[in-house]
Amino acid sequence: MGTEASSLVNLAGDLAGTYRWTASSGEAVDPAVADADLAAVLRNGYVILPDLLTPEQLDDIRKAVAPLLDRHGRNGFEGHTTQRVYSVLNKTRTCDRIADHPRVLALLDRLFMPNYLLSMLQVINILPGEQAQMFHTDDGFYPLPRPRKALGAATIWAIDDFTADNGATDIVPGSHEWGHRMPQESEREPVVMKAGSCVFFLGTLWHGGGANHSPNPRLAVTAQYCEPWLRPQEAFTLSTTRDTVRAVSEDIRRMLGYSIHPPFIGQVDGMHPKRLLEPDAQPL
């Protein structure tokens, strides 16, 4: 039976109290580790998290995404010599562990409000000869002036080793605190890391894909996140089938928008969106 709501603050689930907020798997991470990660992020704008994926997991990802790498970028930002895969959740389960890795969720739990959202999950393969991507910030499309608190955060996962000459992501440390200043090309610093590692950075950090001067492609997966009251980049409630939503973890399901930001944001027909996953749910 539902609990009577005495204030808007109490409405953490739907009005009947059927679907309560659940903690993320980030709570299983040692708080000392998560707090150290957070301190680095707040100080520098980013942190490198090494060795999060096993060689077997990396091989699974490579095999699953290889058949999907059939299109090049459509403009200079996407990269004409870069391959990208969108709507990844509908195409393979191998990247789920990237979207909901506990070490990442522990950071997000400390940075954002509960029920933060997945904003984008994308495969990026930078081919030999690609030029450096223009500098940008991942939450710069939200029209709020800087300096400000980050409204989003991103991870870029090295499926291949990231080196200084194969298209490793370039960052500008400390630029998350800048106002209107733009970075100079001379300020690029490549994120060099081994396959299986990821770089986590705030949405206000200036960065861009590096030039690939090597003879080999550089495969990566990026997962981006945002506050629960913002519109994500990908409309997951439209792009992701209900069968996929049922198959993913509770963490991903919540981050896809099958959650409520109190008191009402995310409701469907006045009720919690998880009702759409019940066996007798009717199509809208």
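A quick note: this is a predicted structure, and the numbers were derived from the prediction, not measured.

Colleague: How should the packing of aromatic side chains be read in this particular structure?
Modeller: One pair of aromatic rings is described through two measures. These are the centre distance and the angle between the planes. A full pass over the atoms with the stated rule returns one aromatic pair. The ring centre of Trp178 lies 3.9 Å from the NZ or CZ of Arg181, which sits over that ring. The ring centre of Phe135 lies 4.2 Å from the NZ or CZ of Arg188, which sits over that ring.

Colleague: Which parts of the structure should I look at to understand the environment of Pro50?
Modeller: Inspection of the secondary structure puts Pro50 in the loop between strand 1 (46-49) and helix 2 (55-65). In this structure Pro50 comes out as partly exposed when scored by relative accessible area, which is 42%. Spatially, the C-alpha atoms of Pro50 and Leu256 are 26 Å apart, while their sequence positions differ by 206 residues.

Colleague: When you look at unusual backbone geometry in this model, what are you seeing that I'm missing?
Modeller: Glycine aside, the phi torsion of most residues is negative, and most peptide linkages are trans. The step from Arg146 to Pro147 runs through a cis peptide bond, and the omega angle for that step is -5°. Mapped onto the elements of the fold, Pro147 is located in the loop between strand 3 (117-126) and strand 4 (152-158). With an omega of 5°, the peptide bond between Pro262 and Pro263 qualifies as cis. Mapped onto the elements, Pro263 comes out in the segment after helix 7 (250-255).

Reading the values: the criteria
Residue positions are given per chain, counted from 1 along the sequence in the order it is written. In keeping with the model being predicted, local features are shown solely for residues with a pLDDT of at least 70 and side-chain atom pairs are shown and tallied solely at 80 or more, while totals for entire chains, interfaces and linings include all residues. Hydrogen atoms and water are omitted, and side-chain values are computed over all heavy atoms in the structure. Only Phe, Tyr and Trp rings are paired, with Trp represented by its six-membered ring, and only when their centres lie within 6.5 Å; those with planes under 30 degrees apart are stacked, over 60 edge-to-face, the remainder tilted. Placement of a positive charge over a ring is assigned whenever Lys NZ or Arg CZ falls within 6 Å of the ring centre and within 35 degrees of the normal to the ring plane. What counts as a helix is a DSSP run of H or I of at least four residues, what counts as a strand is a run of E of at least two, and both are numbered from the N terminus. For each residue, the accessible area found with a 1.4 Å probe, counting protein chains only, is set against the maximum for its type, and the residue is called buried under 20%, exposed over 50%, and partly exposed in between.

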